[in-house]
Amino acid sequence: DAARRRLIDDFLAVFGGETQPIMTHLIEAGKLTLEDVQDAEKHLRESLRLRATEPQGGALTFNTRSRLAMNALARGDLNEAETQARTYLTAERANTGERSTFTSHGMEVLAEVLSARGEHEEAETLLRQALLIAQEKMPAPSVVVGRTQMRLARVLSARGQHAEASHRSGEELWEIE
């Protein structure tokens, strides 16, 4: 079991620790159903409830909130997604500081939700902040910096800022090559 967990952790590291690209692939391949997602969300909520009783709220509580936010986003429940994402970001700011990579990730999660809501201005602000933190904290080349660049490019494009979006997309490809 420990070897399997380590293998999965190593595999996720290839994607910068993000599960969303893997989940997207599984959904598109027909290997992950709505029932699977609902079951996973049930387990996440139970995990969150149990960890909340641990000292200092449990080490994985905040990551669990991130996943709850992304699951709610995948289901189209934007209100729940935003609530979970804002809670996650607030907790990361309080526990790890404004300039931590954990806070940067919280900003990215909330930006994804806001972008889905059409709130691109706030999403852009968050992604620019997250990008600065990632560039400061991550060694180059960085998958995290590249992912953040690409998210920012999508938001810029949605706001009609196509020249900068194109520039950011090119930077993203350069960062992860």
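**Examining the nonpolar core**
Judged by nonpolar contacts, the single largest core of 28 residues is most densely connected at A85, M107, V109, L110 and L126. If you list the elements that add at least two residues to this core, you get α4 (61–75), α5 (78–96), α6 (101–116), α7 (120–137) and α8 (143–158). Tallying contributions element by element places α7 first for this core, with seven residues. Among residues more than four places away in sequence, those in contact with M107 are L89, R93, E98, L126, Q129, A130 and I133.

**Here we look at the pattern of salt bridges**
If you walk through the whole model with that rule in mind, you get 15 salt bridges. The salt bridge involving R151 is made with E108; its shortest N-O contact spans 2.6 Å. Remark: E108 occurs in helix α6 and R151 occurs in helix α8; sequence separation between them is 43 residues. The residues R151 and E108 share a single accessibility class, namely buried. Among the salt bridges present, the one from E112 reaches R154, with a minimum N-O distance of 2.8 Å. Of this pair, E112 sits in helix α6 while R154 sits in helix α8, and the two are 42 residues apart along the sequence.

**Considerations on α7**
For α7, built from 18 residues, the straight-helix expectation of 26 Å at 1.5 Å per residue is met to within 8% by its first-to-last C-alpha distance of 25 Å. Listed in full, the buried residues belonging to α7 are H120, A123, E124, L126, L127, A130, L131, I133 and A134.

**Quick notes on the confidence of the model for the protein chain**
Averaged over every residue, the pLDDT of the protein chain is 80; the share at 70 or more is 80%. Mean pLDDT across the secondary structure elements of the protein chain bottoms out at helix α9 (residues 162–176), with 66, and peaks at α7, with 93. Throughout residues 172–177 the model reports pLDDT below 50, and contacts reaching past four residues in sequence, or to other chains, amount to 13 contacts.

**Considering the packing of α7 against α8**
In contact at an axis separation of 9 Å, α7 and α8 are set at 160° when each is read in the N-to-C sense. In terms of their interaxial angle, α7 and α8 are classed as roughly antiparallel. Every pair of crossing elements has a handedness; the one defined by α7 and α8 is left-handed. From α7, H120, A123, E124, L127, R128, A130, L131, A134 and Q135 reach across to α8, where they touch V144, V145, T148, Q149, R151, L152, V155, L156 and A158.

**Quick word on the side chain of S104**
With respect to the helices and strands, S104 occurs in helix α6. Reaching out from S104, the side chain makes a polar contact with the backbone oxygen of A130 at a distance of 3.1 Å. Setting aside residues no more than four positions away along its own chain, S104 makes contact with A130, I133 and A134.

**Some thoughts on the packing of α6 against α8**
α8 packs onto α6 with a crossing angle of 25° between their chain directions and a minimal axis gap of 11 Å. The angle between α6 and α8 places the two elements in the roughly parallel class. For the crossing formed where α6 meets α8, the hand is left-handed. Every residue of α8 that contacts α6 at H105, E108, E112 and S115 is listed here: V144, R147, T148, R151, R154 and V155. Residues that form the contact of α6 with α8 fall into these classes: two nonpolar, three polar and five charged.

Rules of the game
Residues numbered from 1 in each chain as written. Predicted model: local features only at pLDDT ≥ 70, side-chain atom pairs only at ≥ 80, totals over all residues. Heavy atoms only, no water. Core = buried A, V, L, I, M, F, W, Y, C linked by side-chain atoms within 4.5 Å. Buried < 20%, exposed > 50% of the residue type's maximum accessible area, 1.4 Å probe, protein only. Helix = DSSP H or I, 4+ residues; strand = E, 2+ residues; numbered from the N terminus. Contact = heavy atoms within 4.5 Å. Salt bridge = Lys/Arg side-chain N within 4 Å of Asp/Glu carboxyl O. Expected span 1.5 Å × (residues − 1). pLDDT = per-residue confidence, 0-100. Axes fitted to C-alpha atoms, helices over the stretch in contact; angles between N-to-C directions. Parallel < 35°, antiparallel > 145°, perpendicular 65-115°, else oblique. Left-handed = near helix turned anticlockwise from the far one by under 90°. Polar contact = N/O pair within 3.5 Å; in protein donor to acceptor, adjacent residues only side chain to side chain. Nonpolar A, V, L, I, M, F, W, Y, C, P; charged D, E, K, R; others polar.

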